[in-house]
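What follows is the residue order along each chain.
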Amino acid sequence: MKGILVNYEYCTNCHSCEVACKKYLELPKGEFGIKVSEVGPFEYSAAEKGPGKWEWCFIPALTKACNMCEDRVAKGKFPMCVQHCQAWCMYYGEVEDLVKKIDGKTRWALLTTAEQA
């Protein structure tokens, strides 16, 4: 099974993945193949993080319109979202191989499409 691994610790919310996907799939206004969601900001008041420390995450999620760019992948190319990620925090491949990249030092999300599951 193929998937996309996102190291969302480094996602900058540039929306390049959204734009590339939307343009490639020719999706109408308001529809996306991948959508970046904002989580936060949250302020930490715990002693270990200290007051005044904030967290704000951006997490890309695949929608039902995503087909992982099957035609591009069949030609040996990456899906458009991975190809155009400016933060270089997205990876495409076999789920078993992607899981090996998870280092436990940063935060990751492993995404697949329903058709593959």
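Now for a look at the structure at hand. Position numbers for residues count from 1 along each chain, tracking the sequence in the order it is written. The predicted nature of this model means local features are confined to residues of pLDDT at least 70 and side-chain atom pairs, given and counted, to a pLDDT of 80 or more, with totals for whole chains, interfaces and linings taken over all residues. Heavy atoms from the whole structure form the basis of all side-chain values; hydrogens and water molecules are not counted.

Some details on the sheet that holds strand 1 (residues 2-7)
DSSP bridges decide pairing: two strands pair if at least two such bridges lie between them. Helix numbering and strand numbering both begin at the N terminus, where a helix is a DSSP run of H or I of at least 4 residues and a strand a DSSP run of E of at least 2. The strand order across the open sheet formed by 3 strands is 4-1-5, and the pairing between neighbours is antiparallel. Edge positions in the sheet fall to strand 4 (90-94) and strand 5 (108-111), since each of these pairs with one other strand and no more. On average, each strand axis in the sheet is inclined to that of its neighbour by 25°, with strand direction left out of account. Note: strand 1 against strand 5, 4 bridges, orientation antiparallel. Looking across to strand 5, one finds that Val-6 is bridged to Ala-109. Only the stretch in contact is used when a helix axis is fitted, and all axes are lines through C-alpha atoms; the angle between N-to-C directions ranges over 0 to 180 degrees.

Topic: the nonpolar core
Membership of the largest hydrophobic core comes to 20 residues, with the highest contact counts inside it found for Ile-4, Val-6, Cys-17, Ile-34, Cys-81, Val-82 and Met-90. Elements supplying a minimum of two residues to this core: strand 1, helix 1 (16-25), strand 2 (34-44), strand 3 (53-62), helix 3 (80-83), strand 4 and strand 5. A contact between two residues is defined here by any heavy atoms of the two lying within 4.5 Å. With sequence-adjacent residues up to four places away left out, Cys-81 is seen in contact with Ile-4, Cys-17, Ile-34 and Met-90. For this analysis, a nonpolar core means a set of buried residues of the types Ala, Val, Leu, Ile, Met, Phe, Trp, Tyr and Cys, connected via side-chain atoms within 4.5 Å. Residue burial is assigned from relative accessible area. The probe radius is 1.4 Å, only protein chains are included, and a residue is buried under 20% of its type maximum, exposed over 50%, and partly exposed in between.

Quick notes on the side chain of Asn-13
Relative to the elements of secondary structure, Asn-13 occurs in the loop between strand 1 and helix 1. A relative accessible area of 17% places Asn-13 in the buried class. Any pair of nitrogen or oxygen atoms within 3.5 Å is treated as a polar contact; in protein, a donor-acceptor pairing is required on top of that, and neighbouring residues in sequence qualify only through side-chain atoms on both sides. In terms of polar contacts, Asn-13 uses its side chain to reach the side chain of His-15, at 3.0 Å. Every residue in contact with Asn-13, bar those within four places of it in the chain, is listed here: Val-36, Glu-38 and Phe-58.

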